[in-house]
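# Close look at the chain arrangement
Letter by letter, the chains look like this.
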Amino acid sequence: MTPRDEVDLIVNAWHRVRPDLDLGPLEIMSRLTRINRRLDLARRAAFARHDLETWEFDVLAALRRAGRPYALSPGALADQTLVTSGTMTNRIERLVSRGLVTRIPDPADRRGAVVTATQQGLDQVDAALTDLIEVERELLTVLDADQRDTVAAALRVLLKSLK
């Protein structure tokens, strides 16, 4: 028998008071919400060990994934981190003040800018990523390889449908 969790208790309570509803979506979405909360705390802790906030990691990670010279436009960074251009402008300024990125006029388009990770930014994001992977690997140890593949495939389908 599958072990009961807090979502089972919630769904059962709802079923008692609203037996007319199909509560199937809660079985998945409530678990995803609770997993996300716990994962967010674990990620924040991993990033904090490397003196980074989650948003700082996101921006630096986008630059790192871009490859040499680890540079992107503010617009590309906003797109990759799912924030508005105004939010990204503020984030870039904060990262510049910490010495984690530089911002210079785009030589190909004087109206634009190029944001580049500094060596300090690259070092911090690399260390934080290594830590994050270990934290997430530990969280997933309760699943065997086939279960991890099944979950990843199902979540891929769900994510693609939400775009």
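Keep in mind the model is a prediction, meaning the values are calculated, not measured. (Residues numbered from 1 in each chain as written. Predicted model: local features only at pLDDT ≥ 70, side-chain atom pairs only at ≥ 80, totals over all residues. Heavy atoms only, no water.)

## Quick notes on the confidence of the model for the chain
Per-residue confidence for the chain gives a mean pLDDT of 95; residues scoring 70 or more make up 98%. Taken element by element, the chain is modelled with least confidence in strand β3 (residues 109-117), mean pLDDT 92, and with most confidence in helix α3 (residues 54-65), mean pLDDT 98. (pLDDT = per-residue confidence, 0-100. Helix = DSSP H or I, 4+ residues; strand = E, 2+ residues; numbered from the N terminus.)

## Structural notes on the sheet that holds β3
Taken in spatial order, the three strands make up an open sheet running β1-β3-β2, and their pairing is antiparallel. Each edge of the open sheet is held by one strand with a lone partner, namely β1 (71-72) and β2 (101-106). The sheet contact formed by β2 and β3 spans six bridges and is antiparallel. Residue pairing in the sheet places Thr102 in a bridge with Thr116 of β3. (Pairing = 2+ DSSP bridges.)

## Quick look at the UniProt feature "domain: HTH marR-type" (unreviewed entry) in the chain
Mapped onto the present numbering, the UniProt feature "domain: HTH marR-type" (unreviewed entry) falls on residues 25-160. Structurally, residues 25-160 comprises 69% helix and 12% strand, and the distance from its first C-alpha atom to its last is 17 Å. (UniProt positions renumbered as here; feature names shortened; annotations may be inferred.)

## Thoughts on helix α6 (residues 119-139)
A rise of 1.5 Å per residue sets the reference length of α6, with its 21 residues, at 30 Å; its end C-alpha atoms lie 30 Å apart and thus fit the reference within 8%. Among the residues of α6, those classed as buried are Gly121, Leu122, Gln124, Val125, Ala128, Asp131, Leu132, Val135 and Glu136. Check the buried side of α6 and you find it contacts α2 (24-48), α3 and β3. (Expected span 1.5 Å × (residues − 1). Buried < 20%, exposed > 50% of the residue type's maximum accessible area, 1.4 Å probe, protein only. Contact = heavy atoms within 4.5 Å.)

## Re the domain arrangement of the chain
Partitioning the chain into structural domains gives domain 1 (1-49) and domain 2 (54-125). Here domain 1 and domain 2 have C-alpha centroids that lie 35 Å from each other. (Domains from an automatic or database assignment.)

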